[in-house]
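Structure at a glance
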Amino acid sequence: MSQYDEGHTLAGWIGVAVATVGCSVLGAGICIHSAALIVAGLAVTVASVLVTWTLHLTGWGKPSGIRPRDQWGMRVRDLSALEGHPDCWGCRLAGRGSGRGRGRRTAESEAPVGGAAGAAGEREPVAVGAER
């Protein structure tokens, strides 16, 4: 048996269901040459992305990687989503979490590390072709 729960989450299933409806409406619009159905199908398909993202941010998605077996159920809410999942583009777009240290900046992360600027061994950036 796999060590992953293979993405069986409420966010995933609802997102796929809404996208399926959107693609079906879009396909029907293409088949019967209806601009209104094509636009509606595209709108529902885009809405599926937003619905999935919203559900993920509210804890009904899952972080990447292996989760403990007791968290594999679809009805289990992931409370770590409120702080953001590491390396998750959805969380980073919402301003949560940090993708390997590149997330939201805090006063602590903006403080210089290791002494004053211009210390021995540090160089100033110079434009290519500029004189020193």
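Our structure is the block above this text.
Keep in mind the model is a prediction, meaning the values are calculated, not measured.

1. Digging into the overall build of the chain
- Within the chain, the regular secondary structure consists of four helices and zero strands.
- The order of α-helices and β-strands along the chain, N terminus first, is α-α-α-α.
- Out of the 132 residues belonging to the chain, those deemed buried represent 20%.
- Of all intrachain contacts in the chain linking residues separated by at least 6 positions in sequence, the fraction that spans at least 24 positions is 47%.
- Here the chain displays about 9,700 Å² of accessible surface, and carbon together with sulfur accounts for 63% of that area.

2. Brief notes about the packing of helix H1 (residues 10-31) against helix H2 (residues 35-60)
- Closest axis-to-axis distance for the H1/H2 pair is 7 Å, and the angle between their directions is 175 degrees. By the angle between their directions, the pair H1 and H2 is classed as roughly antiparallel.
- Of the residues contributing to the contact of H1 with H2, the split by class is 19 nonpolar, eight polar and no charged.

3. Focus: the side chain of Asp78
- In this structure, Asp78 sits in the loop between H2 and helix H3 (89-93).
- Residues within four places of Asp78 in sequence aside, it is in contact with Gly59, Gly61, Lys62, Pro63 and His85.

4. Section: the environment of His85
- You can see His85 is positioned in the loop between H2 and H3.
- Each residue touching His85, except ones within four places of it in the same chain, is listed here: His56, Lys62, Pro63, Asp78, Ser80 and Cys91.

The rules behind each value
Residues numbered from 1 in each chain as written. Predicted model: local features only at pLDDT ≥ 70, side-chain atom pairs only at ≥ 80, totals over all residues. Heavy atoms only, no water. Helix = DSSP H or I, 4+ residues; strand = E, 2+ residues; numbered from the N terminus. Buried < 20%, exposed > 50% of the residue type's maximum accessible area, 1.4 Å probe, protein only. Contact = heavy atoms within 4.5 Å. Areas by Shrake-Rupley, 256 points an atom, 1.4 Å probe, with all protein chains shown as cover. Axes fitted to C-alpha atoms, helices over the stretch in contact; angles between N-to-C directions. Parallel < 35°, antiparallel > 145°, perpendicular 65-115°, else oblique. Nonpolar A, V, L, I, M, F, W, Y, C, P; charged D, E, K, R; others polar.

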